[in-house]
Amino acid sequence: MEEVISAEGLVKRYGDLTALDGVSFSVPRGCVFGLLGPNGAGKSTTIRILTGLTRPTSGKATVLGHDAEAVEAKARIGVVPEASNVYEEMTALDNLVFAGELYGVPRDERRSRAMELLELFNLSDRARDVVVGLSRGMKRRLTIACALVHRPELIFLDEPTTGLDIQSARILREQVRELNKGGVTVLLTTHYLEEADQLCDSIAMINRGRIVALDTPENLKARVTGSRIVEVAFSGGVDEADLGGLPGVTEVHRLGDKHRLTVGDDSDIVGEIADYARSRGVTVSTINTLRPSLEDAFLKITGVNPEEAKKDKEPQRQRRNDG
Ligand SMILES: Nc1ncnc2c1ncn2[C@@H]1O[C@H](COP(=O)(O)OP(=O)(O)O)[C@@H](O)[C@H]1O
Ligand SMILES: [Mg+2]
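Values in this document were obtained by computation on a predicted structure and should not be read as measured data. (Residues numbered from 1 in each chain as written. Chains lettered and ligands numbered in written order. Predicted model: local features only at pLDDT ≥ 70, side-chain atom pairs only at ≥ 80, totals over all residues. Heavy atoms only, no water.)

1. Focus: the overall build of the protein
The cut-off we apply is this: Helix and strand definitions here come from DSSP, where helices need a minimum of 4 consecutive H or I residues and strands a minimum of 2 consecutive E residues; each element is numbered from the N-terminal end. Each residue's exposure class comes from its accessible area (1.4 Å probe, protein chains only) as a fraction of the maximum for that residue type: buried when under 20%, exposed when over 50%, partly exposed otherwise. Should any heavy atoms of two residues lie within 4.5 Å, those residues are considered in contact. Charge counting treats Lys and Arg as positive and Asp and Glu as negative, with His and both chain ends excluded. Think of each charge as sitting on NZ of Lys, CZ of Arg, CG of Asp or CD of Glu.
What the protein contains, in helices and strands, is 13 helices and 14 strands. Going through the 323 residues of the protein one by one, you find that 50% of them count as buried. Within the protein, residue pairs in contact and separated by at least 24 positions form 69% of the contacts whose partners lie at least 6 positions apart. With 42 positive and 49 negative side-chain charges, the protein shows a spacing of 3 Å between the two charge centroids.

2. Quick word on the packing of aromatic side chains
Two measures describe an aromatic ring pair: the distance that separates the ring centres and the angle between the ring planes. As a reminder of what qualifies: Whether two aromatic rings pair depends on their centres lying within 6.5 Å, for rings of Phe, Tyr and Trp, where Trp uses its six-membered ring; planes under 30 degrees apart make the pair stacked, over 60 edge-to-face, and the rest tilted.
In the structure shown here, the tally under the stated rule is three aromatic pairs. Geometrically, the ring pair formed by Y87 and F98 is edge-to-face, given 5.6 Å between the ring centres and 75 degrees between the ring planes. Separated by eleven residues along the polypeptide, Y87 in the loop between β6 (77-80) and α3 (92-102) and F98 in helix α3 bring together distant segments of the chain. Accessibility expressed as a relative area gives 29% for F98, which makes it partly exposed.

3. A few points about the site of ligand 1
What counts, and what does not: Nearness is judged by heavy atoms alone; a residue qualifies as near a molecule or strand once a single heavy atom is within 4 Å of it. Two N or O atoms form a polar contact when they lie within 3.5 Å of each other; inside protein one atom must be a possible hydrogen donor and the other a possible acceptor, and for residues adjacent in sequence the pair counts only when both atoms belong to side chains. Surface exposure here means Shrake-Rupley accessible area, sampled with a 1.4 Å probe, where a residue is shielded only by the protein chains that are shown.
Close contacts around ligand 1 come from Y14, L17, A19, P38, N39, G40, A41, G42, K43, S44 and T45, and that covers them all. Between ligand 1 and the protein, one listed contact pairs an oxygen atom with a side-chain N or O atom of K43 at 2.8 Å. With respect to ligand 1, the side chain of T45 contributes an N or O atom lying 2.5 Å from an oxygen atom. Considering ligand 1 on its own, with 570 Å² of exposed area, one finds that the protein chains cover 62% of that surface.

4. A look at a nonpolar patch on the surface
For clarity, the threshold we go by: Exposure above 30% relative accessible area and the absence of a salt bridge qualify a residue for a patch, where like charges join within 9 Å and nonpolar side chains (Val, Leu, Ile, Met, Phe, Trp, Tyr) within 5 Å. Salt bridges are defined as contacts in which a side-chain nitrogen from Lys or Arg sits within 4 Å of a carboxyl oxygen from Asp or Glu.
A cluster of nonpolar residues, V270, V284 and I287, forms a patch on the protein surface that exposes about 200 Å² of accessible area. Topologically, V284 is positioned in strand β14 (residues 284-290).

5. Focus on unusual backbone geometry
One non-glycine residue, E159, lies in the positive phi region at around 50 degrees. On the secondary structure map, E159 appears in the loop between β7 (154-158) and α6 (166-181).

6. Structural notes on the domain arrangement of the protein
Put simply, the rule reads: These domain boundaries are the output of an automatic or database domain assignment.
The assigned domain composition of the protein is domain 1 (3-216) and domain 2 (226-291). On a C-alpha basis, the centres of domain 1 and domain 2 stand 40 Å from each other.

7. Topic: the environment of D158
Following the sequence through the fold, D158 ends up in strand β7. Looking at D158, the relative accessible area reads 4%, which means it is buried. When the C-alpha positions of D158 and I47 are compared, they lie 7.4 Å apart, and in sequence the two are 111 residues distant. Other than its neighbours up to four places away in sequence, D158 contacts S44, I47, V80, P81, E82, R140 and T189. Polar contacts involving the side chain of D158 include one to the side chain of S44, which spans 2.6 Å.

8. Section: the sheet that holds strand β5 (residues 66-67)
Going by this rule: By this definition, two strands are paired if DSSP reports at least two bridges between them. Fitted lines through C-alpha atoms give the axes, limited to the stretch in contact for helices. The angle between two N-to-C directions lies from 0 to 180 degrees.
Sheet architecture is open: four strands sit in the order β2-β1-β4-β5, paired in antiparallel fashion. Each having just a single partner strand, β2 (17-28) and β5 make up the two edges of the open sheet. In this structure, strand β4 (residues 58-63) lies alongside β5, joined through two bridges in antiparallel fashion. From the neighbouring strand, T62 faces β5, where its bridge partner is D67. Relative to the sheet, helix α1 (residues 43-50) contacts β1 (3-14), β2 and β4, its axis offset from that of β2 by approximately 60 degrees.

9. A look at the packing of α3 against helix α5 (residues 136-147)
Test applied: Angle categories: roughly parallel below 35 degrees, roughly antiparallel above 145, roughly perpendicular from 65 to 115, and oblique for all the rest. Handedness of a crossing is defined here by the sense of rotation of the near helix relative to the far one, left-handed for an anticlockwise turn of less than a right angle and right-handed for a clockwise turn. Note that Gly is not counted as nonpolar here; it falls among the polar residues with everything else outside the nonpolar set of Ala, Val, Leu, Ile, Met, Phe, Trp, Tyr, Cys and Pro and the charged set of Asp, Glu, Lys and Arg.
Running from N to C, α3 and α5 point in directions that differ by 25 degrees, and their axes come no closer than 9 Å. Here α3 lies roughly parallel to α5, going by the angle between them. As for the relative orientation of α3 and α5, their crossing is right-handed in sense. Of α5, the residues touching α3 (which contributes A92, N95, L96 and A99) are L142, A145 and C146. Of the residues belonging to the contact of α3 with α5, the class tally is six nonpolar, one polar and no charged.

10. Topic: the side chain of K43
Along the chain, the position of K43 falls in helix α1. Setting aside residues no more than four positions away along its own chain, K43 makes contact with L35, L36, G37, P38, E159, T189, T190 and I206.

11. Observations regarding the pattern of salt bridges
As enumerated under the stated definition, the model contains 21 salt bridges in all. Linking E153 and R29 is a salt bridge whose minimum nitrogen-to-oxygen distance equals 3.0 Å. Of this pair, E153 sits in the loop between α5 and β7 while R29 sits in the loop between β2 and β3 (32-36), and the two are 124 residues apart along the sequence. Since its relative accessible area comes to 24%, E153 is described here as partly exposed. Residues joined in a network through salt bridges with shared partners are E2, R29, R76 and E153.

Following this line, the structure appears as C-alpha coordinates:
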(Lines give C-alpha, C1' and ligand atoms only; values in the text may rest on other atoms or scores of the structure.)
(Ligands and ions follow the chains in the order given, each with its own letter.)
Protein backbone atom coordinates (compact mmCIF):
# COMPACT_ATOMS: atom_id res chain seq x y z
CA MET A 1 0.00 0.00 0.00
CA GLU A 2 1.20 3.51 -0.78
CA GLU A 3 2.82 5.29 2.11
CA VAL A 4 1.68 8.89 2.52
CA ILE A 5 3.60 9.72 5.69
CA SER A 6 6.97 8.43 6.75
CA ALA A 7 8.68 9.52 9.95
CA GLU A 8 12.15 8.12 10.42
CA GLY A 9 13.95 8.59 13.70
CA LEU A 10 12.53 12.04 14.43
CA VAL A 11 14.33 13.81 17.23
CA LYS A 12 13.38 17.29 18.41
CA ARG A 13 15.24 19.11 21.15
CA TYR A 14 14.39 22.43 22.70
CA GLY A 15 17.53 23.30 24.65
CA ASP A 16 17.90 20.58 27.26
CA LEU A 17 14.42 19.26 26.68
CA THR A 18 14.01 16.34 24.34
CA ALA A 19 10.46 16.62 22.99
CA LEU A 20 10.88 13.77 20.50
CA ASP A 21 13.34 11.02 21.06
CA GLY A 22 13.49 8.95 17.88
CA VAL A 23 9.94 8.68 16.55
CA SER A 24 9.41 6.42 13.53
CA PHE A 25 6.19 5.32 11.88
CA SER A 26 4.52 5.28 8.52
CA VAL A 27 0.93 5.85 7.44
CA PRO A 28 -0.58 4.12 4.40
CA ARG A 29 -3.02 5.96 2.13
CA GLY A 30 -6.64 5.75 3.24
CA CYS A 31 -5.83 5.13 6.88
CA VAL A 32 -7.00 6.96 10.01
CA PHE A 33 -3.85 7.01 12.08
CA GLY A 34 -3.93 8.13 15.70
CA LEU A 35 -1.17 9.55 17.85
CA LEU A 36 -2.33 8.91 21.35
CA GLY A 37 -0.63 10.12 24.47
CA PRO A 38 -0.77 12.30 27.55
CA ASN A 39 -0.14 16.02 27.60
CA GLY A 40 3.47 16.82 26.73
CA ALA A 41 4.09 13.45 25.07
CA GLY A 42 5.21 15.00 21.78
CA LYS A 43 2.07 14.70 19.64
CA SER A 44 1.88 18.32 18.49
CA THR A 45 5.62 18.43 17.90
CA THR A 46 5.28 15.43 15.59
CA ILE A 47 2.47 17.16 13.68
CA ARG A 48 4.45 20.40 13.46
CA ILE A 49 7.36 18.54 11.91
CA LEU A 50 5.18 16.58 9.49
CA THR A 51 3.41 19.73 8.34
CA GLY A 52 6.67 21.59 7.79
CA LEU A 53 6.15 24.13 10.60
CA THR A 54 9.31 23.13 12.39
CA ARG A 55 12.40 21.15 11.53
CA PRO A 56 13.47 18.04 13.39
CA THR A 57 16.82 18.24 15.18
CA SER A 58 17.54 14.98 13.38
CA GLY A 59 15.61 12.36 11.45
CA LYS A 60 13.58 12.54 8.29
CA ALA A 61 9.93 13.36 7.63
CA THR A 62 8.42 12.55 4.23
CA VAL A 63 4.86 13.51 3.31
CA LEU A 64 3.26 12.46 0.01
CA GLY A 65 6.68 11.58 -1.32
CA HIS A 66 8.22 14.97 -0.55
CA ASP A 67 10.22 16.39 2.29
CA ALA A 68 7.68 17.65 4.85
CA GLU A 69 8.94 21.20 4.37
CA ALA A 70 8.49 21.19 0.60
CA VAL A 71 5.74 23.33 -0.93
CA GLU A 72 4.61 20.38 -3.04
CA ALA A 73 3.67 18.54 0.14
CA LYS A 74 2.08 21.59 1.81
CA ALA A 75 -0.26 22.23 -1.11
CA ARG A 76 -1.82 18.80 -0.79
CA ILE A 77 -2.35 18.62 2.96
CA GLY A 78 -4.85 20.19 5.35
CA VAL A 79 -3.76 21.20 8.83
CA VAL A 80 -5.95 21.77 11.87
CA PRO A 81 -3.75 23.04 14.68
CA GLU A 82 -4.43 22.52 18.36
CA ALA A 83 -5.82 26.05 18.81
CA SER A 84 -8.42 27.15 16.26
CA ASN A 85 -6.85 29.64 13.87
CA VAL A 86 -9.89 31.24 12.26
CA TYR A 87 -10.25 35.02 12.14
CA GLU A 88 -12.58 36.09 14.92
CA GLU A 89 -13.69 39.38 13.33
CA MET A 90 -14.52 37.83 9.98
CA THR A 91 -17.69 35.93 9.10
CA ALA A 92 -17.64 32.17 8.75
CA LEU A 93 -18.13 32.52 5.00
CA ASP A 94 -15.34 35.09 4.60
CA ASN A 95 -12.98 32.87 6.58
CA LEU A 96 -13.58 30.05 4.12
CA VAL A 97 -13.28 32.27 1.05
CA PHE A 98 -10.04 33.70 2.45
CA ALA A 99 -8.70 30.23 3.21
CA GLY A 100 -9.52 29.33 -0.40
CA GLU A 101 -7.47 32.28 -1.57
CA LEU A 102 -4.52 31.28 0.62
CA TYR A 103 -4.64 27.68 -0.60
CA GLY A 104 -4.86 28.70 -4.24
CA VAL A 105 -8.45 27.69 -4.97
CA PRO A 106 -9.42 29.41 -8.26
CA ARG A 107 -11.31 32.67 -7.62
CA ASP A 108 -14.55 31.57 -9.31
CA GLU A 109 -14.72 28.41 -7.22
CA ARG A 110 -13.97 29.84 -3.77
CA ARG A 111 -17.49 30.90 -2.93
CA SER A 112 -19.20 27.73 -4.06
CA ARG A 113 -16.61 25.63 -2.24
CA ALA A 114 -17.14 27.73 0.90
CA MET A 115 -20.92 27.25 0.71
CA GLU A 116 -20.46 23.52 0.21
CA LEU A 117 -18.26 23.27 3.31
CA LEU A 118 -20.64 25.37 5.41
CA GLU A 119 -23.37 22.94 4.44
CA LEU A 120 -21.21 19.89 5.17
CA PHE A 121 -20.24 21.22 8.60
CA ASN A 122 -23.73 22.32 9.48
CA LEU A 123 -22.86 25.99 9.57
CA SER A 124 -24.96 27.32 6.67
CA ASP A 125 -27.30 29.31 8.88
CA ARG A 126 -24.30 31.01 10.54
CA ALA A 127 -22.47 31.79 7.29
CA ARG A 128 -22.75 35.57 7.69
CA ASP A 129 -22.11 35.71 11.44
CA VAL A 130 -18.71 36.82 12.67
CA VAL A 131 -16.72 34.04 14.31
CA VAL A 132 -16.64 35.80 17.70
CA GLY A 133 -20.29 34.91 18.23
CA LEU A 134 -19.96 31.24 17.36
CA SER A 135 -19.80 28.50 19.95
CA ARG A 136 -16.57 26.65 20.58
CA GLY A 137 -17.81 23.60 18.69
CA MET A 138 -18.83 25.74 15.70
CA LYS A 139 -15.41 27.41 15.66
CA ARG A 140 -13.73 24.02 15.70
CA ARG A 141 -15.92 22.86 12.81
CA LEU A 142 -15.12 26.02 10.87
CA THR A 143 -11.38 25.51 11.48
CA ILE A 144 -11.62 22.03 10.03
CA ALA A 145 -13.71 23.26 7.10
CA CYS A 146 -11.02 25.88 6.33
CA ALA A 147 -8.37 23.15 6.25
CA LEU A 148 -10.41 21.25 3.65
CA VAL A 149 -11.06 24.09 1.26
CA HIS A 150 -8.49 22.89 -1.31
CA ARG A 151 -9.61 19.25 -1.11
CA PRO A 152 -6.43 17.90 0.52
CA GLU A 153 -5.73 14.20 0.23
CA LEU A 154 -4.18 14.10 3.69
CA ILE A 155 -5.34 15.96 6.77
CA PHE A 156 -3.66 16.52 10.14
CA LEU A 157 -5.97 17.11 13.08
CA ASP A 158 -4.37 18.09 16.36
CA GLU A 159 -6.80 17.24 19.16
CA PRO A 160 -9.89 17.99 17.11
CA THR A 161 -12.32 17.39 19.96
CA THR A 162 -10.45 18.54 23.06
CA GLY A 163 -12.62 20.73 25.23
CA LEU A 164 -15.73 20.30 23.11
CA ASP A 165 -19.15 19.35 24.42
CA ILE A 166 -20.17 15.75 23.82
CA GLN A 167 -22.51 16.59 20.94
CA SER A 168 -19.98 18.67 18.98
CA ALA A 169 -17.30 16.06 19.56
CA ARG A 170 -19.62 13.38 18.21
CA ILE A 171 -20.42 15.42 15.09
CA LEU A 172 -16.73 15.99 14.48
CA ARG A 173 -15.94 12.31 14.79
CA GLU A 174 -18.67 11.52 12.26
CA GLN A 175 -17.18 14.07 9.90
CA VAL A 176 -13.74 12.54 10.22
CA ARG A 177 -15.25 9.17 9.31
CA GLU A 178 -17.03 10.68 6.30
CA LEU A 179 -13.87 12.38 5.08
CA ASN A 180 -12.01 9.13 5.37
CA LYS A 181 -14.75 7.28 3.48
CA GLY A 182 -14.23 9.84 0.73
CA GLY A 183 -10.61 8.75 0.48
CA VAL A 184 -8.85 11.30 2.70
CA THR A 185 -6.01 9.95 4.84
CA VAL A 186 -6.22 11.27 8.40
CA LEU A 187 -3.58 11.68 11.05
CA LEU A 188 -5.08 12.84 14.31
CA THR A 189 -3.84 13.28 17.82
CA THR A 190 -5.94 12.79 20.88
CA HIS A 191 -5.65 12.11 24.56
CA TYR A 192 -9.10 10.53 24.53
CA LEU A 193 -8.60 6.81 24.36
CA GLU A 194 -12.19 6.13 23.48
CA GLU A 195 -11.95 8.46 20.54
CA ALA A 196 -8.83 6.75 19.23
CA ASP A 197 -10.55 3.41 19.69
CA GLN A 198 -13.61 4.53 17.71
CA LEU A 199 -11.83 6.29 14.87
CA CYS A 200 -8.42 4.83 14.19
CA ASP A 201 -7.26 1.95 12.04
CA SER A 202 -3.87 2.19 13.64
CA ILE A 203 -2.62 3.83 16.82
CA ALA A 204 0.83 4.94 17.92
CA MET A 205 0.93 5.35 21.66
CA ILE A 206 3.41 8.03 22.48
CA ASN A 207 4.88 8.85 25.84
CA ARG A 208 7.76 11.20 26.64
CA GLY A 209 8.76 11.59 23.03
CA ARG A 210 8.84 7.90 22.26
CA ILE A 211 6.44 5.53 20.59
CA VAL A 212 5.77 2.84 23.14
CA ALA A 213 3.31 0.82 21.05
CA LEU A 214 2.07 0.89 17.49
CA ASP A 215 -0.78 -1.37 16.48
CA THR A 216 -4.49 -1.65 15.71
CA PRO A 217 -6.85 -0.81 18.59
CA GLU A 218 -7.92 -4.45 18.80
CA ASN A 219 -4.36 -5.73 19.01
CA LEU A 220 -3.50 -3.15 21.63
CA LYS A 221 -6.46 -4.29 23.71
CA ALA A 222 -5.43 -7.90 23.25
CA ARG A 223 -2.14 -7.11 24.98
CA VAL A 224 -3.95 -6.84 28.27
CA THR A 225 -5.48 -10.30 28.18
CA GLY A 226 -4.36 -12.63 30.90
CA SER A 227 -5.68 -10.05 33.30
CA ARG A 228 -9.04 -8.60 34.17
CA ILE A 229 -10.06 -5.19 35.34
CA VAL A 230 -12.30 -4.84 38.35
CA GLU A 231 -13.78 -1.52 39.38
CA VAL A 232 -14.98 -1.33 42.92
CA ALA A 233 -16.45 1.37 45.15
CA PHE A 234 -16.80 1.04 48.90
CA SER A 235 -19.25 2.66 51.28
CA GLY A 236 -16.36 4.10 53.31
CA GLY A 237 -12.68 4.95 53.03
CA VAL A 238 -10.23 2.17 52.26
CA ASP A 239 -6.49 2.07 51.91
CA GLU A 240 -5.21 1.81 48.37
CA ALA A 241 -2.13 -0.07 49.55
CA ASP A 242 -4.38 -2.70 51.19
CA LEU A 243 -6.15 -3.25 47.87
CA GLY A 244 -2.82 -3.58 46.09
CA GLY A 245 -1.87 -6.25 48.61
CA LEU A 246 -4.86 -8.52 47.91
CA PRO A 247 -3.90 -11.85 46.32
CA GLY A 248 -3.82 -11.65 42.50
CA VAL A 249 -3.88 -7.86 42.31
CA THR A 250 -1.10 -6.44 40.13
CA GLU A 251 -2.13 -2.78 39.95
CA VAL A 252 -4.43 -0.33 41.67
CA HIS A 253 -5.52 3.07 40.41
CA ARG A 254 -8.08 5.46 41.74
CA LEU A 255 -10.76 6.67 39.35
CA GLY A 256 -12.98 9.22 41.02
CA ASP A 257 -14.78 7.43 43.85
CA LYS A 258 -13.79 4.01 42.53
CA HIS A 259 -10.71 1.87 42.60
CA ARG A 260 -9.62 0.10 39.47
CA LEU A 261 -7.76 -3.13 40.09
CA THR A 262 -5.87 -5.16 37.54
CA VAL A 263 -6.03 -8.78 38.59
CA GLY A 264 -4.85 -12.13 37.21
CA ASP A 265 -7.46 -14.15 35.31
CA ASP A 266 -7.49 -16.93 37.88
CA SER A 267 -7.83 -14.93 41.08
CA ASP A 268 -10.98 -15.02 43.22
CA ILE A 269 -11.00 -11.25 43.45
CA VAL A 270 -14.68 -10.82 44.25
CA GLY A 271 -14.32 -13.07 47.30
CA GLU A 272 -11.14 -11.29 48.34
CA ILE A 273 -12.78 -7.87 48.07
CA ALA A 274 -15.81 -9.01 50.07
CA ASP A 275 -13.56 -10.37 52.85
CA TYR A 276 -11.50 -7.20 52.86
CA ALA A 277 -14.60 -4.95 53.06
CA ARG A 278 -15.93 -7.02 55.97
CA SER A 279 -12.61 -6.78 57.80
CA ARG A 280 -12.70 -2.98 57.46
CA GLY A 281 -16.36 -2.64 58.43
CA VAL A 282 -17.37 -1.15 55.07
CA THR A 283 -19.60 -2.51 52.33
CA VAL A 284 -19.03 -2.86 48.61
CA SER A 285 -21.33 -0.32 46.93
CA THR A 286 -20.56 -1.29 43.33
CA ILE A 287 -18.31 -3.82 41.66
CA ASN A 288 -17.81 -4.30 37.94
CA THR A 289 -15.59 -6.58 35.92
CA LEU A 290 -14.62 -4.97 32.63
CA ARG A 291 -13.25 -6.29 29.40
CA PRO A 292 -9.88 -4.69 28.70
CA SER A 293 -10.22 -1.33 26.99
CA LEU A 294 -7.71 0.73 25.13
CA GLU A 295 -7.38 2.64 28.39
CA ASP A 296 -6.16 -0.48 30.12
CA ALA A 297 -3.74 -1.12 27.30
CA PHE A 298 -2.48 2.44 27.59
CA LEU A 299 -2.00 2.10 31.31
CA LYS A 300 -0.24 -1.19 30.98
CA ILE A 301 2.03 -0.09 28.15
CA THR A 302 2.93 3.41 29.33
CA GLY A 303 2.46 3.08 33.07
CA VAL A 304 0.58 6.40 32.90
CA ASN A 305 -2.91 6.58 34.32
CA PRO A 306 -4.98 8.17 31.53
CA GLU A 307 -7.12 9.95 34.12
CA GLU A 308 -3.98 11.67 35.40
CA ALA A 309 -2.98 12.54 31.86
CA LYS A 310 -6.36 14.17 31.27
CA LYS A 311 -6.12 16.20 34.44
CA ASP A 312 -3.10 18.01 33.01
CA LYS A 313 -5.41 19.37 30.35
CA GLU A 314 -8.01 20.88 32.64
CA PRO A 315 -6.50 24.32 33.32
CA GLN A 316 -5.81 24.77 29.64
CA ARG A 317 -9.34 23.76 28.76
CA GLN A 318 -10.82 26.21 31.21
CA ARG A 319 -8.63 29.05 30.02
CA ARG A 320 -9.70 28.48 26.46
CA ASN A 321 -13.33 28.07 27.33
CA ASP A 322 -14.38 31.30 25.76
CA GLY A 323 -17.32 30.30 23.64
N1 LIG B 1 8.40 25.68 21.16
C2 LIG B 1 8.74 24.96 22.23
N3 LIG B 1 9.74 25.35 23.04
C4 LIG B 1 10.10 24.61 24.12
N5 LIG B 1 9.51 23.45 24.48
C6 LIG B 1 8.51 23.02 23.72
C7 LIG B 1 8.06 23.73 22.55
N8 LIG B 1 7.04 23.03 21.99
C9 LIG B 1 6.86 21.94 22.76
N10 LIG B 1 7.72 21.92 23.78
C11 LIG B 1 7.83 20.86 24.81
O12 LIG B 1 7.96 19.64 24.14
C13 LIG B 1 7.22 18.59 24.80
C14 LIG B 1 6.21 17.99 23.86
O15 LIG B 1 5.21 18.97 23.58
P16 LIG B 1 3.99 18.70 22.61
O17 LIG B 1 4.49 18.10 21.36
O18 LIG B 1 3.25 19.98 22.49
O19 LIG B 1 3.15 17.62 23.42
P20 LIG B 1 1.64 17.12 23.22
O21 LIG B 1 1.12 17.73 21.98
O22 LIG B 1 1.74 15.63 23.18
O23 LIG B 1 0.90 17.57 24.44
C24 LIG B 1 6.61 19.25 26.02
O25 LIG B 1 7.45 19.02 27.12
C26 LIG B 1 6.58 20.71 25.65
O27 LIG B 1 6.62 21.53 26.79
MG1 LIG C 1 -0.50 18.92 21.70
